[in-house]
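Remarks on the overall topology
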Amino acid sequence: MSLLAVFAAASLTAVFPGIDRAPRFQFGGSDQLAFQIRQGAPADVFASASPKYAQQLHARGLCSKPKVFATNTLVLIVPRANAAHIRSVYDLRRRGIKLVVGAPGVPIGDYTRTLLARLHLRSALSNVVSNETDVKLVVAKVALGEADAGFVYRTDVKPAGKRVIQLALPATVQPTVKYELCIPTKRKHSQLAARFVREVLSRRGRAALKAAGFGLP
Amino acid sequence: MRAAFAVIAALALAFLALPVVAIFLRVSPATLVRELGDPVARDALVVSLRTSALAQLLVVVLGTPTAYMLATRRFRGRSVLLTLVELPLVLPPAVAGIGLLAAFGRSGLLSTSLAFTQSAVVLAVSFVAAPFYVRTAVAAFESIDETLVAAARTLGARPWRVFARIALPLAASGLGAGLALSFARGLGEFGATIMFAGSLQRVTQTLPLGIYAEFAQSFDVALAMGALLVAFSFTLLLGVKWLRSDWISPSRFAPSVSS
């Protein structure tokens, strides 16, 4: 087992171990991971679901210049049974719908709010029953059938298997979702870290990302 | 040897005190007080107090007769029931969370639509906090001098009267201590709540959930909520010490745990 510690956005949970099984992974909300790195958590690689957090660390001199390595799009998911009969994103305006989203400040939460604003659907936010701290928790609450709908990344749908159905969203309202990698400074394993970053950016890494549904820069 | 023990004790106490003290030293008291005015902190306080009050009401109303029954009757399976009551004490809150979802979730055993409501918070808090009350209440009822009960019976008191006029007053300080412990534990409930009730400001976001939501966003607000919980819990535990000192010695409490 490698000593390398990779802190990565929750939405990379299914794809990163396929690119390199060796590192110890910690998946979570990018904002929380960045916070932990600022507090001195031993991360050798940081993969953020939003440029914001990698750039903030870089600006403070806490990590190398971030590189974009993937893009993503948002979808609306509903439980397979779809008891609330949601056929389109506009059904989210209906009263009594239980909508689960990412919390403000968490990448998926901010992207969701941008998207709803572009759809002139901010009113749907009054149906939010929980603000989750990372995207996998949004998926879990919809997959369990406890929530009627949730906004997640396109790449989260396949790992959720048959438990959810996705409803596509118009391309014109999609926010720009960019994933960035950077190498935290003052760590011992910077060579191993650089190798992991190269692996992700390699042809094999790109193929794995593409197979998982990510876009490539 | 005395010096060595004193050094070890000092180290251990410093270790326990440090994180608590650090919460108060990281920013000025003025900042802590100001950040408590933040809407997230204020709303979380209201949700916490409201759900805790309801949960403790539930715990006392259902827990007191249960504890009395467990304390006064001897029957087959009693130790199994006592263990069941104690189980949430040692269960990880995450287990409580999936348990509550499996029982009360939409596709759970009872298939309710409680998830994401304030009632879900009340259930989660009651589940994890109740053992603190019931366990202490059983011990308090058990410690009542049996001759007093026997005397009341001989004088013709019905069981209900014995409970209301003899057992309750004699166990009162023990029940109070149990309630304070249960209240303190309930205020800190996190894992089961976030899984079963989610986290939404003004509805289900209690102080611990507020801290979790804010720590990466605005650390000072999280600190202020933390300081508030520390102050609450410290006061409650101190109150328990005071109640216990005139109720029962720890050495009498200990054996009944394994009975």
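Everything numeric in this text was worked out from a predicted model, so none of it was measured.

**Some details on the overall build of chain A**
Secondary structure assignment for chain A yields 7 helices and 10 strands. For 217 residues, the compact-globule estimate of 2.2 N^0.38 gives 17 Å, and chain A sits close to it at 17 Å. The proportion of buried residues among the 217 residues of chain A is 55%. In chain A, 73% of the contacts between residues at least 6 apart in sequence involve partners at least 24 apart. Across chain A, the centroid of the 32 positively charged side chains sits 5 Å from that of the 12 negatively charged ones.

**Structural notes on the packing of aromatic side chains**
Residue and element names in this part refer to chain A. Enumeration according to the criterion identifies 18 aromatic pairs over all chains in this entry. Seen from their ring centres, Phe16 and Phe25 are 6.2 Å apart, and the 45 degrees between their planes marks the pair as tilted. Taken together, Phe16, Phe25, Phe27, Phe69, Tyr111, Tyr153, Tyr179, Phe196 and Phe214 form an aromatic cluster joined through their ring pairs.

**Notes on the nonpolar core**
The biggest cluster of nonpolar side chains holds 80 residues, and the ones touching the most others in it are Leu12, Phe16, Phe69, Leu92, Phe151 and Tyr179 of chain A. The leading source of residues in this core is helix H6 (residues 118-142) of chain B, at 6 residues. Counting 21 residues, the second largest nonpolar core, distinct from the first, contains Val59, Ala71, Ala140 and Leu175 of chain B.

**Some remarks on the interface of chain A and chain B**
At the junction of the two partners, chain A supplies 22 residues and chain B supplies 19 residues. Both faces considered, chain A and chain B share a buried interface measuring about 1700 Å² in area, 49% of it formed by carbon and sulfur atoms. Between Asp148 of chain A and Arg106 of chain B there is a salt bridge whose closest N-O contact spans 2.6 Å. Inspection of the region where chain A meets chain B yields 11 residue pairs in polar contact (both at pLDDT 80 or more). If you list the elements that add at least two residues to the side of chain A that touches chain B, you get helix H2 (30-38) and strand S7 (128-132) of chain A. The greatest single-element share of the side of chain A that touches chain B, amounting to 5 residues, is contributed by S7 of chain A.

**Looking at the domain arrangement of chain A**
All names here are of chain A. Under the domain assignment, chain A is made up of domain 1 (5-71 + 176-211) and domain 2 (74-173). Each of domain 1 and domain 2 has a C-alpha centre, and these two points are 25 Å apart. In this complex, domain 1 contributes 19 residues to the contact, which on the side of domain 2 involves 15 residues. Roughly 1100 Å² is buried in total at the junction of domain 1 and domain 2, and carbon and sulfur atoms are behind 57% of that figure. Broken down residue by residue, the surface that domain 1 buries against domain 2 is led by Ala10, Ser11 and Val177, which jointly contribute 33%. The tally of links from domain 1 across to domain 2 stands at 0 salt bridges. Where domain 1 meets domain 2, there are 3 residue pairs in polar contact (both at pLDDT 80 or more). Listed by contribution, the elements that provide at least two residues to the side of domain 1 that touches domain 2 are H2, helix H3 (51-59) and strand S10 (177-182). Along the lines of polarity and charge, the residues of the side of domain 1 that touches domain 2 split into 8 nonpolar, 8 polar and 3 charged.

**Quick word on the side chain of His189 of chain A**
All names here are of chain A. With respect to the element layout, His189 can be found in the loop between S10 and helix H6 (190-201). Residue class for His189 comes out buried when judged on its relative accessible area of 19%. Filtering out sequence-adjacent residues up to four positions away, His189 remains in contact with Leu3, Leu4 and Asp44.

**Topic: the environment of Leu13 of chain B**
All names here are of chain B. Residue placement: Leu13 occurs in helix H1 (residues 2-25). With relative accessibility at 57%, the residue Leu13 sits in the exposed group. Distance in space between the C-alpha atoms of Leu13 and Asp43 is 34 Å, their sequence separation being 30 residues.

**Things to note about the sheet that holds strand S5 (residues 74-79) of chain A**
All names here are of chain A. Strand order across the open sheet formed by 5 strands is S7-S6-S8-S5-S9, with mixed pairing between neighbours. The two strands at the open ends of the sheet, each matched to only one other strand, are S7 and strand S9 (164-167). Going from strand to strand, the sheet's axes swing by 35 degrees on average, the running direction of each strand aside. The strands that helix H4 (residues 107-118) touches are S5, strand S6 (99-102), S7 and strand S8 (149-153); relative to S8, the one it contacts most, it runs at about 110 degrees. Its contacts with the sheet put helix H5 (residues 135-143) on S5, S6, S7, S8 and S9, and the angle it makes with S8 is roughly 140 degrees.

**Considerations on the packing of H6 of chain B against helix H8 (residues 159-187) of chain B**
Residues and elements named next belong to chain B. Interhelical geometry of H6 versus H8 gives an angle of 145 degrees and a closest axis separation of 8 Å. H8 is crossed by H6, and the crossing has right-handed handedness. From H6, Val125, Val128, Ala129, Ala130, Phe132, Tyr133, Thr136, Ala137, Ala140 and Phe141 reach across to H8, where they touch Phe163, Ala167, Leu168, Ala171, Gly174, Leu175, Gly178, Leu179, Leu181, Ser182, Arg185 and Gly186. Looking at the contact of H6 with H8 residue by residue, the class counts come to 16 nonpolar, 5 polar and 1 charged.

Scoring rules and cut-offs
- Residues numbered from 1 in each chain as written.
- Chains lettered and ligands numbered in written order.
- Predicted model: local features only at pLDDT ≥ 70, side-chain atom pairs only at ≥ 80, totals over all residues.
- Heavy atoms only, no water.
- Helix = DSSP H or I, 4+ residues; strand = E, 2+ residues; numbered from the N terminus.
- Rg over C-alpha atoms; globule rule 2.2 N^0.38 Å.
- Buried < 20%, exposed > 50% of the residue type's maximum accessible area, 1.4 Å probe, protein only.
- Contact = heavy atoms within 4.5 Å.
- Lys, Arg positive; Asp, Glu negative; His and termini not counted.
- Charge placed at Lys NZ, Arg CZ, Asp CG, Glu CD.
- Phe/Tyr/Trp six-rings, centres within 6.5 Å; stacked < 30°, edge-to-face > 60°.
- Core = buried A, V, L, I, M, F, W, Y, C linked by side-chain atoms within 4.5 Å.
- Buried area = accessible area lost by both parts, 1.4 Å probe.
- Salt bridge = Lys/Arg side-chain N within 4 Å of Asp/Glu carboxyl O.
- Polar contact = N/O pair within 3.5 Å; in protein donor to acceptor, adjacent residues only side chain to side chain.
- Domains from an automatic or database assignment.
- Nonpolar A, V, L, I, M, F, W, Y, C, P; charged D, E, K, R; others polar.
- Pairing = 2+ DSSP bridges.
- Axes fitted to C-alpha atoms, helices over the stretch in contact; angles between N-to-C directions.
- Left-handed = near helix turned anticlockwise from the far one by under 90°.

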